[in-house]
Amino acid sequence: MNDYKRMVRRMSAILLVLAVTIRLVTAAGLERRAAALVETALRSPAAAGFLLYLELGQALAVPEPASRKSAMAVTAARTGPAVSLEKGMAQLPEVPETPELPETPDVAENGAPPEPETPKLTFTEADAAAITVGGASSYAVDKLALLQQASVLDFNQEGPTVLIVHTHTSEAYTQEAGWEYEENDTARTQDTAYSVVRVGRELAETLESHGISVLHDESFNDYPAYSGAYDRTLEKIQQWLAQYPTIQMVIDVHRDAAANADGSPVRHAVSLDGEETAQLMLVVGTDEGGLTHPNWRDNLSWALKLQAVLERMYPGLCRDLDLRTERFNQHMTAGSLLVEVGSSGNTLREALAAARDLGEGLAALIAGS
């Protein structure tokens, strides 16, 4: 049995060399040579005896066949000279180097590939032509130049970047069944579930769903006194900016008001994907009225970009952009904006739909800036 133990060790080593040799020959593209090696190995009496020993558990003598030499000659004629198992590795042709694999892309900590970067937004003459700038200001506006102006805003901040306020906090909408509220004046209420505060909440939730950190100041600025509302709002904005200098944009959410010839409230609406939606009007202030506001063009540039994005995503959602002589507290940040969400003739349901669309458009603008 000692002889067979030695044979087992020897044959195990030879079979290991055979396996490695076959792998290398195959990798070199010489499959026929690999087949010949296997055939030659199985014709070896020692190899056959070893396989019988593994199968039967006893040693049997396996005579060398008389035709072995002729079989080897046939094999050599077909495939070239047979390769010795012990010396096969030295006689093999040089194996080509394994080609380099492309670099594995970076993966996030959770194992998923990183999110692709959002392409930078660009604006064209067509975007500029699609926007009409109205309002009381007499300033000339180069829409295309302002659309293509680099933004001075940086939303990559560790803290809140958007502040939503309501100068006219009690503004509300036309009541409808199931959406009734208690009025404290015509289309005005202190119930924030039915006023523009509710619209601000919808806007904040939409922005936050895109990872944008939002502060929403729901405090009243127009009640009990309507006069001085903008001054009170300015104090709130200053306090929030002092606490959170990361804020890049202040959005003052209002609803418009006008009456038809018969005295009924005006309704500004558009149907988007079958949903009745209040129209938006972006209002931008200037220094034309005499108040200090040297960088109002930055506000206008941002507003034009937002209107262009909204027009691409929701055609008809926006009314003409309103450029005014008043400042509207927009001197506090380069991204400040006043937004009229619908009018007193719209319903709250329509205003909420507009707030969601506004949030989606603003999120797209922030991501692409």
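Here, the structure is the one placed above.
So, a few notes on the structure that sits alongside this text.

So, how was this worked out
Residues numbered from 1 in each chain as written. Predicted model: local features only at pLDDT ≥ 70, side-chain atom pairs only at ≥ 80, totals over all residues. Heavy atoms only, no water. Helix = DSSP H or I, 4+ residues; strand = E, 2+ residues; numbered from the N terminus. Buried < 20%, exposed > 50% of the residue type's maximum accessible area, 1.4 Å probe, protein only. Contact = heavy atoms within 4.5 Å. Areas by Shrake-Rupley, 256 points an atom, 1.4 Å probe, with all protein chains shown as cover. Expected span 1.5 Å × (residues − 1). Axes fitted to C-alpha atoms, helices over the stretch in contact; angles between N-to-C directions. Left-handed = near helix turned anticlockwise from the far one by under 90°. Nonpolar A, V, L, I, M, F, W, Y, C, P; charged D, E, K, R; others polar. Salt bridge = Lys/Arg side-chain N within 4 Å of Asp/Glu carboxyl O. Pairing = 2+ DSSP bridges. 1 Å grid on protein atoms, 1.4 Å probe; cavity = no way out; pocket = protein on both sides within 12 Å on 5 of 7 lines; lining within 4 Å. Points joined across faces, edges and corners; volume = space filled by probe spheres on them. Phe/Tyr/Trp six-rings, centres within 6.5 Å; stacked < 30°, edge-to-face > 60°.

**What about the overall build of the protein?**
- The helix and strand inventory of the protein stands at eleven helices and nine strands.
- Residues classed as buried in the protein amount to 41% of the 369 residues present.
- Contacts in the protein between residues far apart in sequence, at least 24 positions, make up 76% of those at least 6 positions apart.
- As displayed, the protein offers around 19,800 Å² of accessible surface, 52% of which is attributable to carbon and sulfur atoms.

**Quick notes on helix H8 (residues 196-208)**
- End to end, H8 covers 18 Å across 13 residues, agreeing with the expected 18 Å (1.5 Å per residue, within 8%).
- Buried residues in H8 make contact with strand E2 (162-165), strand E3 (214-216), strand E4 (249-256), strand E9 (337-343) and helix H11 (348-368).

**Digging into the packing of helix H10 (residues 296-313) against H11**
- Running from N to C, H10 and H11 point in directions that differ by 115°, and their axes come no closer than 9 Å. The handedness of the crossing between H10 and H11 is right-handed. Residues Trp302, Lys305, Leu306, Val309, Leu310 and Met313 of H10 form the contact with H11, whose own contacting residues are Asp357, Leu358, Glu360, Gly361, Leu362, Ala364, Leu365 and Ile366.
- Grouping the amino acids of the contact of H10 with H11 by side-chain chemistry returns ten nonpolar, one polar and three charged.

**Here's the deal with the pattern of salt bridges**
- Scanning all chains against the criterion turns up eleven salt bridges.
- In this structure, the salt-bridge partner of Glu275 is Arg356, at a minimum N-O distance of 3.3 Å. Of this pair, Glu275 sits in strand E6 (residues 275-278) while Arg356 sits in helix H11, and the two are 81 residues apart along the sequence.
- Here Arg356 falls in the partly exposed class, since its relative accessible area comes to 30%.
- In this structure, a network of salt bridges that share partners links the residues Glu202, Glu275 and Arg356.

**Considering the side chain of His293**
- Within the fold, His293 resides in the loop between strand E7 (280-284) and H10.
- If near-sequence neighbours (up to four positions away) are discounted, His293 is found in contact with Gly285, Thr286, Asp287, Asn299, Arg327, Gln330 and His331.

**Here's the deal with the pairing of strand E5 (residues 269-272)**
- Side chains Val270 and Leu272 project from E5 onto a buried face, and the interleaved Ala269 and Ser271 project onto a face without burial.
- The sheet contact formed by E5 and E6 spans four bridges and is antiparallel. Following the sheet pairing, Ser271 is matched in E6 by Glu276.
- Between E5 and E6, which follow one another and run antiparallel, lie two residues, and Asp273 among them has a positive phi close to 55°.

**Overview of empty space enclosed by the protein**
- All chains considered together, the criterion is met by four cavities of 30 Å³ or more.
- Of the volumes computed, that of the largest cavity is approximately 60 Å³.
- For the largest cavity, the full set of lining residues is Gln149, Ala150, Ser151, Val152, Leu153, Asp298, Ser301, Trp302, Lys305 and Ala334.
- Considering only residue class, the lining of the largest cavity consists of five nonpolar, three polar and two charged.

**Description of the environment of Leu362**
- With respect to the helices, strands and loops of the structure, Leu362 is situated in helix H11.
- For the pair formed by Leu362 and Leu207, sequence separation is 155 residues and the distance between their alpha carbons is 7.8 Å.
- Leave out the neighbours within four places in its chain, and Leu362 touches Leu207, Met249, Ile251, Trp302 and Leu306.

**So, the packing of aromatic side chains**
- Summed over all chains, the structure comprises five aromatic pairs.
- With a centroid separation of 5.7 Å and 50° between ring planes, the pair formed by Tyr230 and Phe328 is classed as tilted. With Tyr230 in helix H9 (residues 229-243) and Phe328 in the loop between strand E8 (321-323) and E9, this pair connects stretches of sequence that are 98 residues apart.
- Its relative accessible area of 25% is what places Tyr230 among the partly exposed residues.
- Relative to Tyr244, the ring of Trp240 lies with its centre 6.2 Å away and its plane at 25°, an arrangement referred to as stacked.

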